[in-house]
Amino acid sequence: MRFAFAGALLGWGLAWYFGRENPQAQQAVSVLLSIGLAILVGMMGLAGVMGTRALAAERAQLEAIEDLIELRRWPEAAMMVQAFLLRPARTAAARAQAMLYLAMVLVRYHRFEESVTVYDYILREVPLDPGMSHAVQLGRAMALLREDNLLDADRAISELRRGSRGIESAGLALVELYRDVKTGHPAEAVEIFEKQLPVMRRMLGHRLADAWGLAARAYDLLGREPEARQAYANATVLAPQVELSRRYPELSPLAEKFVATAAPAEVA
Amino acid sequence: MVPVDATISRVRRDLIIAGLLRAGLLSGALACVLAGPMLGVHVDGMFLLMGIGAVWILLSVRSMQGTRLAADSPSLIAAGQYEQAEARIDTALRSFSLFRAGKLQSLHHLALLRHAQRRWRETALLCQALLAQKLGGLGRLPRATLLLMADSSLEMGDLAGAFAAMNRLYQYRLSLNEAQALQVLQLDYGSRVGAWEPMLANVGTKTQMSELMPPPNAARSQALLALAAWKLGHRPLARWLRRRAELLANPQEISADRPVLAEMFHEQWDD
């Protein structure tokens, strides 16, 4: 487009130079240049419209991936992320978003090491706003815990705690709760759960089931069976027992010990 | 505070002026190209064409500045910084825009702000003004405006207005988030007109959709489903849904401005 403009300007300059002595030639060149310029402006407009449409299509693709992840349609989400990342993205932000979705899909398929690599890449290469950075670091810390990389996970949690500067984070509370259950510190886990429950209730939605499940495990480890039973019942009201055990293998012993709340026939 | 009625009038006037200006500039550009060869007028069309191009670019840049100014307002509204959002929207609405999309987007942001401030009448007025415009090619804006309109109408007790807005939403293919918002509105509407059976239709899908919603909507949606289930005698389902709602949010918060839910949470559901 720049070359076309430069060509038009050059043509206009030449027409002016040679047309000084021949008015008829000047007239003809002027008409041709006017038509050429009109076509050029039209092409610019067309290129703008096509560029905008391509951007909108890219955005729609990312929204579709997000919807698939939300709907837990993981195979389709994985295929779409792969298709998206195989082509160059139009914006860096779209590419970063797709990378984040890739990390989430990898976690779902229990490929924690690879997801940590993707999270590390995002944190290293992509400029993120504080909220987004916090979310990515939370995902990374959770993947490290699932990978049993407890030393790095603890370091990541400490960084998160320092970075949060006293601002309440339900995600951070959940990661800390999981760390304490995983490392055999049930008293600390119960303390975090009881202190942070109002915040988690406000922010986690149905992922609150994770917190109730982990709390049930902590109560169980402490030998507080009535509380453990109630917490497990609450967890399984919000999420199926199978899903909880898949997310946190540490909760599997509870399935044998306590009765999960069954979903009514109408929604089962 | 930005007066809504005056703002709507000013935006309508600005849209007409911008439309006339666009038509004038495009006609001028066409005349520059065609006047010489077709009408035999001896003017230097190139200079005029470049002048028109420069004016177009200048006005486009000014329009972009106004649009960019208001672009942050939804995040400010979400963060509860209403005064800052109001100031930005006001500046964007007062600035000249050559393009309709920028002006209509700013008007939509004002509707969002009024909705967050719980000023339902003003929200409905802004939504009506927006929906009276041609909104094709503006992406999500018509759907988001209809959702705002339906919610504001429900809050004002205008059930016919809410029904009309929800009905119009069926013309569009909704995103997942929009479908979730529509589900909460439909359940709210159903509870007000006592349409318990339609509320409970496809309860499995509705419950799954509720699980994807942010906590307040997830809780309210399942509380409304619990109420419908109780009214229709599905006792175990009603108890299960109510328990979920109570775990997700404080019953007082769920039932704010919804007496029918407040009544439900006060009742003991024992056989």
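Data block above holds the structure.
Within every chain, residues take consecutive numbers counted from 1 along the sequence as written. Written order determines the labels here, with chains lettered from A and ligands numbered from 1. This being a predicted model, a pLDDT of at least 70 is required before a residue's local features are given, and a value of 80 or more before pairs of side-chain atoms are given or counted; all residues contribute to the totals for chains, interfaces and linings.

**Notes on the interface of chain A and chain B**
This is how it is decided: Distance between backbone-placed C-beta atoms decides contact: two residues are in contact if it is within 7 Å. Secondary structure elements follow DSSP: runs of H or I of four or more residues count as helices, runs of E of two or more count as strands, with numbering from the N terminus. Put simply, Ala, Val, Leu, Ile, Met, Phe, Trp, Tyr, Cys and Pro go in the nonpolar bin, Asp, Glu, Lys and Arg in the charged bin, and everything else, Gly too, in the polar bin.
Contact residues are listed per partner, giving 24 residues for chain A and 26 residues for chain B. Top element by residues in the side of chain A that touches chain B is helix H2 (residues 23-70) of chain A. It accounts for 10 residues. The residue inventory of the side of chain A that touches chain B, partitioned by class, reads 13 nonpolar, 5 polar and 6 charged.

**What to know about helix H10 (residues 208-221) of chain A**
All names here are of chain A. Here is the rule: By definition here, a helix of n residues has an expected span of 1.5 Å times n minus one. Residues with at least 20 neighbouring C-beta atoms inside 10 Å of their own are called buried, those with 12 or fewer are called exposed, and the rest are partly exposed, where every C-beta is derived from the backbone.
Between its terminal C-alpha atoms H10 stretches 20 Å, which fits the 20 Å expected from 14 residues at 1.5 Å a residue. The buried fraction of H10 is high, at 13 of 14 residues. In the segment just after H10, Gly223 is the residue with positive phi, at about 80°.

**A few points about unusual backbone geometry**
With a phi angle near 60°, His110 of chain A is a residue other than glycine that sits in the positive phi range. One non-glycine residue, Arg118 of chain B, lies in positive phi territory at about 60°. Relative to the helices and strands, Arg118 of chain B resides in the loop between helix H5 (100-116) and helix H6 (120-131). When the 10 C-beta atoms within 10 Å are taken as the criterion, Arg118 of chain B is described as exposed.

**Focus on the nonpolar core**
In plain terms, the rule: Under the definition applied here, buried Ala, Val, Leu, Ile, Met, Phe, Trp, Tyr and Cys residues are grouped into a nonpolar core through C-beta atoms within 7 Å.
In terms of nonpolar packing, the biggest core is built from 126 residues, with Ala141, Leu177, Ala211 and Ala215 of chain A touching the most fellow members. Counting residues per element, this core draws most heavily on helix H4 (residues 92-108) of chain A, at 10 residues. Not counting chain neighbours up to four residues away, the residues in contact with Leu177 of chain A comprise Ala189, Ile192, Phe193, Ala211 and Leu214 of chain A. Leu33 and Leu37 of chain A together with Cys32 and Val33 of chain B belong to the second largest nonpolar core, which has 6 residues in total.

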